[in-house]
Amino acid sequence: MWEGAWYTPDHETYQTRNLEYAFFNGVYRFDGFFGGLPRYVEQNKRGDPFRSTLPAEIVYCQSMGRWVFRHKNIIKNKSTKFQDDEECMWLARSQETVEFDLTSVNSGWKFWTGIIEAGTIEMECSECQRDSDCHWQGVCLDKACQCDKAQGFTGMHCSHEPACSQLRDDYGNGFDLAKLEDTTFVSYERNIYFQTVRGNNSESWDMGWGQKPNNGNDNVGDKSGGDFFGNYSSSKTLALVYSGNRWFGVPQNTSTDVFWKFNEEFHSFWSEFFSESGFILSEITKESSPIGVDFSRVIMTSVTKGNEYGPYGRLKPMAVFPGDGFFHCAVAKDEAAVSTSTVADNY
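Since we're looking at a predicted model, the values are computed, not measured.

The rules we used
Residues numbered from 1 in each chain as written. Predicted model: local features only at pLDDT ≥ 70, side-chain atom pairs only at ≥ 80, totals over all residues. Heavy atoms only, no water. Helix = DSSP H or I, 4+ residues; strand = E, 2+ residues; numbered from the N terminus. Buried < 20%, exposed > 50% of the residue type's maximum accessible area, 1.4 Å probe, protein only. Contact = heavy atoms within 4.5 Å. Areas by Shrake-Rupley, 256 points an atom, 1.4 Å probe, with all protein chains shown as cover. Disulfide = S-S within 2.5 Å. Polar contact = N/O pair within 3.5 Å; in protein donor to acceptor, adjacent residues only side chain to side chain. Salt bridge = Lys/Arg side-chain N within 4 Å of Asp/Glu carboxyl O. Pairing = 2+ DSSP bridges. Patch = residues over 30% accessible without salt bridge, like charges linked within 9 Å, V, L, I, M, F, W, Y side chains within 5 Å. Core = buried A, V, L, I, M, F, W, Y, C linked by side-chain atoms within 4.5 Å.

### Some remarks on the overall build of the protein chain
Each helix and strand in the protein chain was counted, giving four helices and 25 strands. Within the protein chain, buried positions represent 49% of all 347 residues. Restricting the contact set of the protein chain to residue pairs at least 6 apart, pairs at least 24 apart contribute 53%. In the structure as shown, the protein chain presents an accessible area of about 16800 Å², 45% of it carried by carbon and sulfur atoms.

The following block contains the structure:
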């Protein structure tokens, strides 16, 4: 992580924000050539092109003889203009290489975190060649995995297990798969969950996302038709979102317009919703769901935001014992797998 990374919307004004490089994980698609080698452009976290968000890119920098990861609005030095930098404005760079195939350049990467630090990066081709590339949970058609809807596996290579349709946390809050009309919301190949039932745990209330509605009904919204945008008595609900290397639980506005934008334009770095109070985060994980993963509550105050507590502030473990996890599937195993036809069609 680069704490206090410089970013600029117009290269005239500058701000700082913590940059966790895993926030830029996801799909990068071929988009022409740069420096004589392929240029790869970041896609939204469903795997489609961004509509308005400016994406990052991975290109070959001829002046350095290295592949570089960069973003035009994130800079190492305020005095350097993007078009004038001889090192191609790298934020991460490979070892020197003339390799044409980017997936063969997985070692020797360095990242800028205020200093140059060694790190790891994993890349693979998203195209399949045979059914085994789809983990035998789908078939390979036209170099793309078509996941078996009946099995419920999802992801670009059908590698994510069927999602539990309903979660319950240790505070008694309930969460359903995020869905609006016929679209299942996905981030970094993982399903998103929205809070639909409020628990009555006092610590949950203190966090601002467990308070009961004024009418005394513990249902967050009208779930008719599988949607969650009905009779809210609060303007926010908690969203469980995977963000590249962790699960986050963050308060989100409940209007449908906000959720459509959230679905298409969500990005863990640019959304900057981790500055809100009441959010939680998991340990670093690659799990397909938040079930069984340990979480911590983020206690954000002016006192706990200093270097003493790290970039996310003071963290309070939410499980009684490490390894217990905080979220659990609330339905029987044979009922946990749900139809994910929209997700499967989009990967």
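### Quick word on the state of the cysteines
Considering all chains together, one arrives at five disulfides under this definition. Each sulfur in the disulfide pair cysteine 134 and cysteine 145 lies 2.1 Å from the other. An S-S torsion of about -90 degrees defines the bridge between cysteine 134 and cysteine 145 as left-handed. With cysteine 134 in the loop between strand 10 (116-119) and strand 11 (138-141) and cysteine 145 in strand 12 (residues 144-147), this pair connects stretches of sequence that are eleven residues apart. The same class applies to cysteine 134 as to cysteine 145, namely buried. Once the disulfide-bonded cysteines of the protein chain are ranked by sequence position, their pairing pattern turns out to be 1-2, 3-5, 4-6, 7-8, 9-10.

### Looking at the environment of threonine 53
Relative to the assigned elements, threonine 53 resides in the loop between strand 4 (37-42) and strand 5 (57-61). A C-alpha to C-alpha distance of 8.3 Å links threonine 53 and tryptophan 270, two positions 217 residues apart in sequence. The residues contacting threonine 53, other than those within four sequence positions of it, are Glu265 and Trp270. At a separation of 2.6 Å, a polar atom in the side chain of threonine 53 contacts the side chain of glutamate 265.

### Remarks on the pattern of salt bridges
Counted by the stated rule, this structure contains seven salt bridges. Glutamate 20 serves as the salt-bridge partner of arginine 246, at 3.8 Å between the closest nitrogen and oxygen. Here arginine 246 is found in the loop between strand 20 (236-242) and strand 21 (247-253), whereas its partner glutamate 20 is found in the loop between strand 2 (15-19) and strand 3 (28-34), with 226 residues between them in sequence. The burial state of arginine 246 is the same as that of glutamate 20; both residues are buried.

### A closer look at unusual backbone geometry
Even without being glycine, methionine 89 reaches a positive phi, approximately 55 degrees. Counting through the fold element by element, methionine 89 comes out in the loop between strand 7 (74-75) and strand 8 (92-93). Assessed through its relative accessible area of 4%, methionine 89 is described here as buried. Even without a glycine there, the phi angle at cysteine 158 is positive, about 55 degrees. Within the secondary structure, cysteine 158 is located in the loop between strand 12 and strand 13 (166-169). Looking at cysteine 158, the relative accessible area reads 0%, which means it is buried.

### Points about the sheet that holds strand 4
Reading across the sheet, the seven strands line up as 3-4-5-6-8-9-10 and stay open at both edges, with antiparallel pairing between neighbours. What marks the edges here is a single partner per strand, and that holds for strand 3 and strand 10. Here strand 5 pairs with strand 6 (residues 66-70) via five bridges, running antiparallel. Considered in strand 6, the bridge of tyrosine 60 is made with tryptophan 67.

### A word on the sheet that holds strand 2
In spatial order, the strands read 2-1-7; together these three strands make up an open sheet with antiparallel pairing. Bordering the open sheet on either side are strand 2 and strand 7, each of which pairs with just one other strand.

### Side note on a nonpolar patch on the surface
On the surface, Phe30, Phe33 and Phe100 cluster together into a nonpolar patch covering about 360 Å² of accessible area. Looking at where phenylalanine 30 falls in the secondary structure, it is placed in strand 3. Given the relative accessible area of 47%, phenylalanine 30 is considered partly exposed.

### Quick look at the nonpolar core
Within the largest apolar cluster, 63 residues are counted, with the highest numbers of intra-cluster contacts made by Phe24 and Phe69. Among the elements that line this core, the one with the most residues is strand 20, at five residues. Setting aside chain neighbours within four positions, we find phenylalanine 24 in contact with Leu19, Glu42, Lys45, Ala56, Phe69, His71, Ile74, His267, Phe269 and Trp270.

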